[in-house]
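# Working through the structure, step by step
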Amino acid sequence: DIEGSEYSALIGGKHTIERYLPTLAVCAYHKHDDLIRLPQLISEISNYRYSLYLRHTFYYQTELIQPDIVIYAIAKT
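Positions within a chain are numbered from 1, following the residues in the order the chain's sequence is written. Where local features are concerned, this predicted model is filtered to residues with pLDDT of at least 70; where side-chain atom pairs are given and counted, the filter is 80 or more; whole-chain, interface and lining totals use all residues. Note that the side-chain values use all heavy atoms of the structure and ignore hydrogens as well as water.

## Brief notes about the overall build of the chain
Our working rule: Each helix corresponds to a stretch of at least 4 residues labelled H or I by DSSP, and each strand to a stretch of at least 2 residues labelled E; elements are numbered beginning at the N terminus. Between buried and exposed lies partly exposed: a residue is buried under 20% and exposed over 50% of the maximum accessible area for its type, with that area taken using a 1.4 Å probe on protein chains only. Any two residues whose heavy atoms approach within 4.5 Å at even a single point are treated as in contact. Each accessible area value is a Shrake-Rupley result obtained with a 1.4 Å probe; residue values ignore everything except the protein chains displayed when judging cover. Only four residue types enter the tally: Lys and Arg on the positive side, Asp and Glu on the negative side, with His and both chain ends excluded. Each charge is placed at NZ for Lys, CZ for Arg, CG for Asp and CD for Glu.
A count of helices and strands for the chain gives three helices and three strands. In the chain, the succession of helices and strands from N to C terminus is α-α-β-α-β-β. Taken over the C-alpha atoms alone, the chain extends approximately 45 × 25 × 20 Å along its principal axes. Of all 77 residues assigned to the chain, the portion counted as buried reaches 30%. Contacts in the chain between residues far apart in sequence, at least 24 positions, make up 53% of those at least 6 positions apart. With an accessible surface of roughly 5500 Å², the chain has 53% of that area assigned to carbon and sulfur atoms. Treating the 7 positive side-chain charges of the chain as one cloud and the 9 negative ones as another, the clouds have centres 13 Å apart.

## Observations concerning unusual backbone geometry
For Asn47, which is not glycine, the phi torsion reads 55 degrees and is therefore positive. Position of Asn47 among the secondary structure elements: in the loop between helix H3 (34–45) and strand S2 (50–61). The backbone phi angle of Tyr48 is positive, close to 60 degrees, even though this residue is not glycine. Along the chain, the position of Tyr48 falls in the loop between H3 and S2.

## A short note on the pattern of salt bridges
The test is simple: A side-chain nitrogen of Lys or Arg and a carboxyl oxygen of Asp or Glu constitute a salt bridge if their distance falls within 4 Å.
The final tally for this structure, using the stated rule, is two salt bridges. In this structure, the salt-bridge partner of Lys14 is Glu18, at a minimum N-O distance of 3.8 Å. With Lys14 and Glu18 both in helix H2 (residues 14–20) and four residues apart, this pair spans about one turn of that helix. Of the charged contacts, one joins Arg37 and Asp33 as a salt bridge, the two residues approaching to 3.5 Å between their closest N and O atoms. Residue Arg37 is classed as partly exposed on the basis of its relative accessible area of 31%. Asp33 gets classed as partly exposed once you look at its relative accessible area, which sits at 24%.

## Quick word on a nonpolar patch on the surface
Keep this limit in mind: Each patch is built from residues that are more than 30% exposed by relative accessible area and take part in no salt bridge. Like charges join if they lie within 9 Å; nonpolar side chains (Val, Leu, Ile, Met, Phe, Trp, Tyr) join within 5 Å.
Nonpolar side chains collect at one region of the surface, where Leu35, Ile36 and Leu54 lie side by side and expose about 290 Å² of accessible area between them. Among the secondary structure elements, Leu54 is positioned in strand S2. Accessibility expressed as a relative area gives 55% for Leu54, which makes it exposed.

## Brief notes about the nonpolar core
Applicable threshold: The definition of a nonpolar core used throughout is a set of buried Ala, Val, Leu, Ile, Met, Phe, Trp, Tyr and Cys residues joined through side-chain atoms within 4.5 Å.
Counting 14 residues, the largest nonpolar core has Leu10, Ile17, Leu24, Val26, Leu38, Ile42 and Tyr50 as the members making the most contacts within it. Counting only elements with at least two residues in this core, the list comes to strand S1 (24–27), H3 and strand S3 (64–75). When residues of this core are assigned to their parent elements, the largest contribution, four residues, is made by H3.

In structure tokens:
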């Protein structure tokens, strides 16, 4: 769990993403600009070879509602 270091992790995995196009599930709720920066980075690294999807869910944790926003990147066929 990298809690806010998703951008750096994607940069670190750049060559693997470019070469193998693994399916990605990337949290996009830790920083205020994650919903803009992360899809842009994923698209640029993969040369736009992914379809991107968002999933927004809520879960309850000790009376607090925690939002989860996840970007799913699936290689285009």
